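Residues per chain are reported as follows:
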Amino acid sequence: MLVQIPSDSRKTSKLDSNEKVYTYEERQFGIWKLFMAKEASISFIQEAGETLPLLTKLLAGIHSAMPDLFLMFMFCQLWDSIHHVVEIYLSSLLLRQIEAVIVSRDARGSGIIFALVARCLFVAVSSCVQWWIANITPIQESKIRTYLHLEMMQKNLEMDMPTSQAAGQQNVSASELWRAIKHILMFFVDVISVISQTMLLFSLSKDAGGVVFAGLSLVRPLLSAISRQGFFRKGFLIHMNNEDFGRMKSLEKFSNGTFRQDVISYGLAEWILKQYIKAFNSLGNTPIADAWEQMGSKTNPVRQVLEDTLGELPMIYCSLNLILDPTSFSLASIAILHQSASRLKGSVTKLFYTVTRLRTGLSTVRRINDSKIDNLVKDGNAAYSPSPKGSMLGKTGMEFDLRDVCFSYPGAEKVTPALSNVSLHIKPGSVVVIVGENGGGKSTLIRILSRIYDPNSGDVLIDGRPSKEYQISDLHRSSAILSQDNLIYPLSLSENIGLGYPDAHLDAAMIEKSAQEGGAADLIGKLAKGFDTYVEPYINVYHHNLPGGGQHPLAKMAVELRKTPDLSGGEKQRIVAARTFMRFKSGNVNFVAVDEPSAALDAEGEYQLFQSLLSNREGKTMVFVTHRFGHLTKVADQIICMKEGAVVESGNHPELMGMDGEYAKLYNIQAKAFQ
Ligand SMILES: Nc1ncnc2c1ncn2[C@@H]1O[C@H](COP(=O)(O)OP(=O)(O)OP(=O)(O)O)[C@@H](O)[C@H]1O
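As a starting point, this report considers the structure included with it. (Residues numbered from 1 in each chain as written. Predicted model: local features only at pLDDT ≥ 70, side-chain atom pairs only at ≥ 80, totals over all residues. Heavy atoms only, no water.)

**Some points on the overall build of the protein**
For the protein, the helix and strand inventory stands at 25 helices and 14 strands. Looking at the protein as a whole, 40% of its 675 residues are labelled buried. Summing over all exposed atoms, the protein offers an accessible surface of approximately 37700 Å²; the carbon and sulfur share of this is 59%. (Helix = DSSP H or I, 4+ residues; strand = E, 2+ residues; numbered from the N terminus. Buried < 20%, exposed > 50% of the residue type's maximum accessible area, 1.4 Å probe, protein only. Areas by Shrake-Rupley, 256 points an atom, 1.4 Å probe, with all protein chains shown as cover.)

This is the structure in structure tokens:
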């Protein structure tokens, strides 16, 4: 079936004017639907040309970082490509000497010893080199992979929020890149291997009965490889479109721990199994094997028979020649040619298989974001200091002026903006509470104030100056954000708290004090390793086939090794809060954004957290986002009520209650709950 689709209709109008029409073909393989582009996306030559500079730069980088290792790595690749040829050559040498002895029935003066020694020596050397390669390869691989990880991490860590969310900005991962490099090199290894084996086959067949034999040996592998290649040159999309299989996969999820409580309390087990069997029966005989596997197995039977028959051509040629002229081939030549031809056949097939991998590798390398990351939030030149002299004395907190600010998230699906025409003034040193319905834009406003994002239009002024003019690092150093989005880092608790103020992350006394202020001291005290506890450590433990079920000491050890401290949501939130108090200790913070950090906290924990934050308010502007605003509204200098991305009301508590609008409605709903 051939379908015509217009190119992306969301492209700019300029592109719309000369809109290109793409065509694609649909095919079904079992549960997989394949859409194959009719037009080739990019030619191999063009792709290789575009990739070469990037690949050269990448390999040059690896070479300059670890020259010895790189040379060894390249030697290993070269060895891999030629050692088979030498092996075949020495085997043929020995075979000829053996045949000469058999024919003449005289071993004197023959080169059989020389050929035998040469072959044995090579086997011994080859074995040593293979042993060395097997030992050196894990070291080479891990060093090169780590180098690539470091390179990619550096790029990814530089990226700001909107840039990382924008389509096409994500860099290739180090693992993808390593796989791509291996596939590209593997292709060259295979090319060298095929060229050297072909040359050997032609040279051997010259003495033994003509190059026709060598040529015929290549017919089958070339034909079968070429006939399977076309598919991968085109762009394609594959997706699973079988509803029954999809339902089976969804039902399978109930058997892991995630839904255990619901499965037990709602008694779902029987229903899940019945539904699974129903979906399985409905799936019938539809194959579920891997899409690639199914595509590979669906070759044309006529073509298959033709290819297999062509594979016999060299032997047909040999036999006919022998019938016509019994001296045209000796037994040894037939054995030598047969051995080298079948080796070559394998190598050619492998080479064409690696072409597919090569193309995947090339397109991965082409995706490398080689240029310096061009962040969407642009850095300014002006230094920002909490107070004119950089000291906290006389510090008053950040002042904000927002004028007609509009903002939509990069790549957001919603057509309505997250913020529309927001204008407001936040006085330095004030306590501001932002309230409003879900999705009203409260968190987004916090992100704009703290310059995680820049607005699409409108102005944000900080201390009377456009925020874009300041150096971003200065602004971020002067801000502390405590939100539900803050995560526990996969590091020790001490580092989790200490990194609020990286310069002092080893200051145990400061970390302990921050833990107390954040309400985390008690829970840390109860952990066996205290501040050295890793909450979300990287654990990788395997065990296999141990006798005695779970009673084997190694099985018990595996259980111990997999143990992680189980902290509740509220306990994690306290650690994150402690990190914020640590940040205060840098003395640089004059803007604090608190975005619903209390949802996971109990009532007392929430009250204490707000009290601790407010007791640190001196010299800081504090903006709170909360749905439970009972205690805060009393101390708030300003309350901002948001709805659908706009500020609908602003003022203090009595003023807003007097308006009897959105804020009064929200407040009364909460008050009623306590009546
Ligand atoms: N990272 C994001 N990417 C795309 N859209 C987002 C993102 N974060 C929020 N939005 C959208 O922006 C709008 C405002 O969301 P925001 O989180 O600011 O609301 P909120 O008032 O804080 O909501 P809540 O009270 O539920 O936390 C919503 O429509 C939301 O779907």
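**Some points on the nonpolar core**
Ile62, Ile144, Leu148, Leu177, Ile181 and Val365 are the most contacted members of the largest nonpolar core, which totals 46 residues. Contributions of two or more residues to this core are made by helix H2 (44–65), helix H3 (67–104), helix H4 (112–158), helix H6 (174–208), helix H7 (211–233) and helix H14 (331–366). Contacts of Val365, omitting those with residues within four sequence positions, involve Thr51, Leu54, Leu55, Leu177, Ala180 and Ile184. Formed by 45 residues, the second largest nonpolar core is a distinct cluster that contains Val433, Ala520, Phe584 and Ala636. (Core = buried A, V, L, I, M, F, W, Y, C linked by side-chain atoms within 4.5 Å. Contact = heavy atoms within 4.5 Å.)

**Some details on helix H15 (residues 442–449)**
H15 sits mainly inside the fold: 6 of its 8 residues count as buried. Taken together, the buried positions of H15 are Lys442, Thr444, Leu445, Ile446, Ile448 and Leu449. Arg451, located one to two residues past H15, shows a positive phi value of around 55°.

**Digging into the pattern of salt bridges**
Here the idea is simple: oppositely charged side chains can pair when their charged atoms come close. Under the criterion given, the structure shown has 14 salt bridges. In this structure, the salt-bridge partner of Asp474 is Arg477, at a minimum N-O distance of 3.2 Å. Taken together, the positions of Asp474 and Arg477, both in helix H16 (residues 472–477) and 3 residues apart, correspond to about one turn of that helix. You can call Asp474 buried: its relative accessible area is 10%. Overall, Arg477 belongs to the partly exposed group, its relative accessible area being 43%. (Salt bridge = Lys/Arg side-chain N within 4 Å of Asp/Glu carboxyl O.)

**Describing unusual backbone geometry**
The phi angle at Asp404 is positive, at roughly 55°, despite the residue not being glycine. Within the fold, Asp404 resides in strand S5 (residues 400–407). Assessed through its relative accessible area of 42%, Asp404 is described here as partly exposed.

**A closer look at the pairing of strand S11 (residues 591–595)**
Counting buried positions along S11 gives 5 out of 5 residues, so the element sits mostly inside the fold. Residues of S11 alternate between two faces, with Phe591, Ala593 and Asp595 on one and Val592 and Val594 on the opposite face, all of them buried. Relative to S11, strand S10 (residues 479–483) runs parallel, the two sharing 5 bridges. Bridging from a neighbouring strand, Ser483 pairs with Asp595 of S11. Pairing of S11 with strand S12 (residues 621–625) involves 5 bridges; the strand directions are parallel. If you follow Val594 over to S12, its bridge partner there is Phe624. (Pairing = 2+ DSSP bridges.)

**Things to note about the environment of Cys120**
With respect to the helices, strands and loops of the structure, Cys120 is situated in helix H4. Between the C-alpha atom of Cys120 and that of Lys249, which follows or precedes it by 129 residues, the distance is 56 Å.

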